[in-house]
Amino acid sequence: MTEVSYDAAGSAPLTANTAVDAPEASGLPPQGGDGMGCHAGAATMEAAARAAGKSEILDQYAADYPQGPHDKPQSMCPAFGSLRVGLRMRRVATVLSGSACCVYGLSFVSHFYAARRSVGYVPFNSETLVTGKLFEDIRDAVHELADPDHYDAVVVTNLCVPTASGVPLRLLPDEINGVRIIGIDVPGFGIPTHAEAKDVLAGAMLNYARKEVEAGPVQAPASGKSDRPTVTLLGEMFPADPMMIGAMLAPLGLAAGPVVPTREWRELYAALDCGAVAAIHPFYTASVREFEAAGRPIIGSAPVGHDGTAAWLAAIGEAFNLPKDRVAAAQNAFLPAIKAAFAARPIKGTITLSGYEGSELLVARLLIESGAEVPYVGTACPKTRWSDSDRDWLEARGVKVKFRASLEDDLSAMEAIRPDLAIGTTPVVQKAKEKAIPSLYFTNLISARPLMGPAGAGSLGEVVNAAMAGRDRMESMREFFEGVGHGDTAGIWEGSPNLRPDFRAAHQKKLDKAARAAQAEAMI
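If you're wondering where the values come from, they're calculated on a predicted model, not measured in any experiment.

The rules behind each value
- Residue positions are counted from 1 within each chain, in the order its sequence is given.
- Residue-level local features of this predicted model are given only where pLDDT is at least 70; pairs of side-chain atoms are given and counted only at 80 or more, and the full residue set underlies all totals for whole chains, interfaces and linings.
- Only hydrogens and water are removed before side-chain values are computed, so all heavy atoms of the structure are retained for them.
- Lines are fitted to the C-alpha atoms to define the axes, a helix being fitted only along its stretch in contact, and any angle between axes, read from their N-to-C directions, falls within 0 to 180 degrees.
- Each helix corresponds to a stretch of at least 4 residues labelled H or I by DSSP, and each strand to a stretch of at least 2 residues labelled E; elements are numbered beginning at the N terminus.
- Roughly parallel refers to an angle under 35 degrees, roughly antiparallel to one over 145, roughly perpendicular to one between 65 and 115, and oblique to any angle outside these ranges.
- Here a crossing is called left-handed whenever its near helix is offset anticlockwise from the far helix by less than a right angle, and right-handed whenever the offset is clockwise.
- Should any heavy atoms of two residues lie within 4.5 Å, those residues are considered in contact.
- Residue polarity is assigned by list, with Asp, Glu, Lys and Arg as charged and Ala, Val, Leu, Ile, Met, Phe, Trp, Tyr, Cys and Pro as nonpolar; anything else, Gly included, falls into the polar class.
- Residue exposure (1.4 Å probe, protein chains only): buried if accessible area is under 20% of the type maximum, exposed if over 50%, otherwise partly exposed.
- For the purposes of these results, a polar contact is taken to be a pair of N or O atoms within 3.5 Å, where, inside protein, one atom must be able to donate a hydrogen and its partner to accept one; residues adjacent in sequence count only when each atom of the pair is a side-chain atom.
- Note on terminology: a nonpolar core comprises buried Ala, Val, Leu, Ile, Met, Phe, Trp, Tyr and Cys residues joined through side-chain atoms within 4.5 Å.
- Salt bridge, as used here: a side-chain nitrogen of Lys or Arg that lies within 4 Å of a carboxyl oxygen of Asp or Glu.
- Patch members must show over 30% relative accessible area and no salt bridge, and they are joined within 9 Å when carrying like charges or within 5 Å when they are nonpolar side chains of Val, Leu, Ile, Met, Phe, Trp or Tyr.
- Per-residue and other accessible areas follow the Shrake-Rupley method at a 1.4 Å probe size, with only the shown protein chains counted as cover for residues.
- To estimate the expected span of a helix, subtract one from its residue number and multiply by 1.5 Å.

## Brief notes about the packing of helix H17 (residues 407-417) against helix H18 (residues 426-434)
Phase 1 of the analysis: Between H17 and H18, the shortest axis-to-axis distance is 10 Å and the interhelical angle comes to 30 degrees. As summarised for this structure, H17 and H18 are arranged roughly parallel, according to the angle between their axes. The two elements H17 and H18 meet at a crossing, and its hand is right-handed. Side by side, H17 and H18 meet where Leu407, Asp410, Leu411, Met414 and Glu415 of the first sit next to Pro427, Val428, Lys431 and Ala432 of the second.
Phase 2 of the analysis: Split into classes, the residues belonging to the contact of H17 with H18 amount to six nonpolar, no polar and three charged.

Shown next, in the form of C-alpha cells:
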C-alpha cells in the first residue's frame, strides 16, 4: 500500500542534523503528537529557538523585558496579554499557533474575560512542525481570513513550541487584499509577564502604522482629529481615567489622545500624531521606541494623588512649553479637590501591595496619601526610567519597592510584616486568608477602579477600609475551619492520610538529578 504524503520531503536522506533523526542536534525541542515540547525547560526551549533562527527577536526581548529571578512566568501565560489586545480591537482577527492545551487555556481565559470574539487556531503535529507544513497552514489560514470587508488586520501569534521550532512568521506577506498581517512571537521563555506581552503587540502595530504614515496619507480616526494638541496615553486603564485626564489637560489647552493599546487600527495614527506620550504604564518599552522614532517626547508617572498630579501637570507643561501661570492654574483647579477626596475617606492601617498589572506603584502612592502605611510594594514588571519618579517618591517615604518581584518575595513580605491588609495576586490572597489576614485581589478589586485625579483619590478608601474591618471575621473563619487539614492533608479524613514520604523523596531525587544535568549542560 502506497503511503499518502504531503510532498516529497519524506524521501530526503536523513543526516545527523535532521530533526527526525536527532532532535537534540537540530536544536528543536522534543515533540509529541500534540506539541508536548512546551513542557520542556525554559533553557531548552530558548536554546532551540536560537538554533532555529530566533536569536534576534529573543535578544530584543531580553533587552526590552529583562528577566527576573525565575526562568518562567509566575502569572498566567504571557500570550494572554497580546491576545487580549487583539481581541479588544474592532476589525482585527487573531490567530494562535501553539500546542492545543495552550490554545484551549488562552481561549478559555479570554472568553472568561468577555472577549466575545472567536480565536483562530492553526493546529499542528510533529510532522507538520518539522517539515515546515505548519507555516504553510498558517499562510493559508491568513489568506483565507484576509477579507477587507471584515478586517483591517490579522494578528498571528506563535506560542512557545512554534517559536522554539523557528516557525518564520516574518515570511508572511505584510498585507493581503489590503488587510495588514502582523506576526509576533510571544513565548513564555522570552516574555516574563502577560502585561509586557501587551506591549509586544502594541509595539508591532505602532511600527506598522508608523511606516504607513511615513509612506503617505492615511485614514483619519473615526472620532476625527482633535482641534487641540493631544497627549497619547500609554497603557490600559480604567475607562473613566482617560476622561479624568482629559479634564485635567483642558485648562492647559490640550486634550487626551488615544489610549494605547487602541481599540481600532486608525486610532494608531492619531496616537502617533500627538504632542507627547504619557507612559502611564512605564514598561511599554517597544511602544516607547516607536513613539521616540516618531519624535514624540515621553513623560513618566501619572496624575495620581496630590503630589503625582502636581508633578505630572508640570511635566506636561514643560513638554509643550506652556506658560507657568497656565500650568499653575490647572494645578490649582484640581489639587484642592484631590486633597478633599483624601480627607473624606482616610485609610488607617498597614498594607502590603503586590501585583503584575504594572500600576502597583501608582496605587501605592494613592494609599500612602490616603494615610496608609505601605512598607512593601512588589511588581512583576521591570524597572524602567519611566517609573523612576514613582520609585523615588515611594522610597523617600520608607517603602521597599521590588521590581520583578517573585511570588516568594511577596509572600515573605506579607508574612514578615503581617499587615492589616494584603493586596496581591491570587496565591498571595489565598495565603493571607489562611493566616486570617484581610486581603484583596489586585487585578479585579483594585486596578479595576479609577486612579487618576480627584476620582482616583477617593476610589480606594471604601473598599480598603471595608476589607480591613473584616479582620475579626477572618479570625472566626480560621477557627471554624481549624483541623480540616492543610496542603496534602486538606479536607476531612476518616483516618490518617497516606502521605508516602518515601515516594516524595524518590521523586525529589529525580528532580535534583535532572536539575544537576541541566546545570552541567549549561556550563558546556
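The rest of the description comes next.
## Brief notes about the side chain of Ser459
Phase 1 of the analysis: Tracing the backbone shows Ser459 in the loop between helix H20 (453-457) and helix H21 (461-468).
Phase 2 of the analysis: Taking the relative accessible area as the measure of exposure, Ser459 reaches 9% and is therefore buried.
Phase 3 of the analysis: Here the side chain of Ser459 touches Pro450 through a polar contact of 2.7 Å, landing on its backbone oxygen.
Phase 4 of the analysis: Not counting residues up to four positions away in its chain, the partners in contact with Ser459 are Arg449 and Pro450.

## A word on the nonpolar core
Phase 1 of the analysis: Residues Ile138, Val156, Leu172, Met205, Trp265 and Phe291 are the most contacted members of the largest nonpolar core, which totals 74 residues.
Phase 2 of the analysis: At nine residues, the largest contribution of residues to this core is made by helix H9 (residues 194-215).
Phase 3 of the analysis: In contact with Leu172, other than residues within four places in its own chain, are Phe135, Ile138, Arg139, Val142, Val156 and Ile181.
Phase 4 of the analysis: Within the second largest apolar cluster, 59 residues are counted, among which are Met244, Ile338, Leu421 and Val464.

## Notes on helix H10 (residues 240-249)
Helical periodicity: at 3.6 residues per turn, an α-helix aligns residues three or four positions apart in one direction.
Phase 1 of the analysis: Judged by how many residues are buried, H10 sits mostly within the fold: seven of 10 residues are covered.
Phase 2 of the analysis: Turning to H10, its buried residues are Asp241, Pro242, Met244, Ile245, Gly246, Met248 and Leu249.
Phase 3 of the analysis: Taken together, the buried residues of H10 touch strand E6 (230-234), strand E7 (255-260), helix H13 (305-319), helix H14 (324-344) and H20.

## Description of unusual backbone geometry
Phase 1 of the analysis: The amide bond that connects Val260 to the next residue, Pro261, takes the cis arrangement and shows omega of 10 degrees.
Phase 2 of the analysis: Following the sequence through the fold, Pro261 ends up in the loop between E7 and helix H11 (266-272).
Phase 3 of the analysis: Even without glycine at this site, Asn177 takes up a positive phi of about 55 degrees.
Phase 4 of the analysis: According to the relative accessible area criterion, Asn177 is exposed, its value standing at 55%.
Phase 5 of the analysis: Phi at Arg418 is positive, roughly 50 degrees, even though this residue is not glycine.
Phase 6 of the analysis: Looking at the element boundaries, Arg418 is found in the loop between H17 and strand E13 (421-424).

## As for the pattern of salt bridges
Phase 1 of the analysis: Within this structure, the stated rule accounts for 25 salt bridges.
Phase 2 of the analysis: A salt bridge links Arg90 to Glu264; the shortest N-O distance between them is 3.6 Å. Here Arg90 is found in the loop between helix H4 (79-87) and strand E1 (92-97), whereas its partner Glu264 is found in the loop between E7 and H11, with 174 residues between them in sequence.
Phase 3 of the analysis: Linked by salt bridges that have partners in common, Asp388, Arg391, Asp392 and Glu395 make up one network.

## Focus: a nonpolar patch on the surface
Phase 1 of the analysis: Taken together, Tyr104, Phe108 and Phe112 make up a surface patch of nonpolar side chains, about 430 Å² in accessible area.
Phase 2 of the analysis: Of note, Tyr104 is situated in helix H5 (residues 100-112).
Phase 3 of the analysis: You can call Tyr104 exposed: its relative accessible area is 59%.

## Side note on helix H7 (residues 133-145)
Phase 1 of the analysis: The end-to-end C-alpha distance of H7 is 18 Å, a good match for the 18 Å that 13 residues give at a rise of 1.5 Å each.
Phase 2 of the analysis: Residues Lys133, Leu134, Phe135, Asp137, Ile138 and Val142 constitute the buried set of H7.
Phase 3 of the analysis: On its buried face, H7 sits against E1, helix H6 (126-131), strand E3 (153-158), helix H8 (160-164), strand E4 (175-176) and strand E5 (179-185).

## Some points on the packing of H4 against H5
Think of two packed helices as two axes; the pair is described by the angle between the axes and how far apart they sit.
Phase 1 of the analysis: Orientation of H4 relative to H5, taken along the N-to-C sense of each, is 50 degrees, at an axis distance of 10 Å. Relative to H5, the element H4 is oriented oblique. Judged by the sense of rotation from one axis to the other, the crossing of H4 with H5 is right-handed. Of the residues in H5, those touching H4 at Ala79, Phe80, Leu83 and Leu87 are Leu106, Val109 and Ser110.
Phase 2 of the analysis: Taken together, the residues of the contact of H4 with H5 break down into six nonpolar, one polar and no charged.

## A few points about the environment of Gln331
Phase 1 of the analysis: Inspection of the secondary structure puts Gln331 in helix H14.
Phase 2 of the analysis: Residue classification places Gln331 among the buried residues on the basis of a relative accessible area of 17%.
Phase 3 of the analysis: Placed 80 residues apart in sequence, Gln331 and Pro251 show a C-alpha to C-alpha distance of 9.2 Å.
Phase 4 of the analysis: Beyond its immediate stretch of four places on either side in the chain, Gln331 contacts Ala310, Leu313, Ala314 and Pro336.
Phase 5 of the analysis: At a separation of 2.8 Å, a polar atom in the side chain of Gln331 contacts the main-chain carbonyl oxygen of Ala310.

Note that all results are geometric; they support no functional claim without further evidence.
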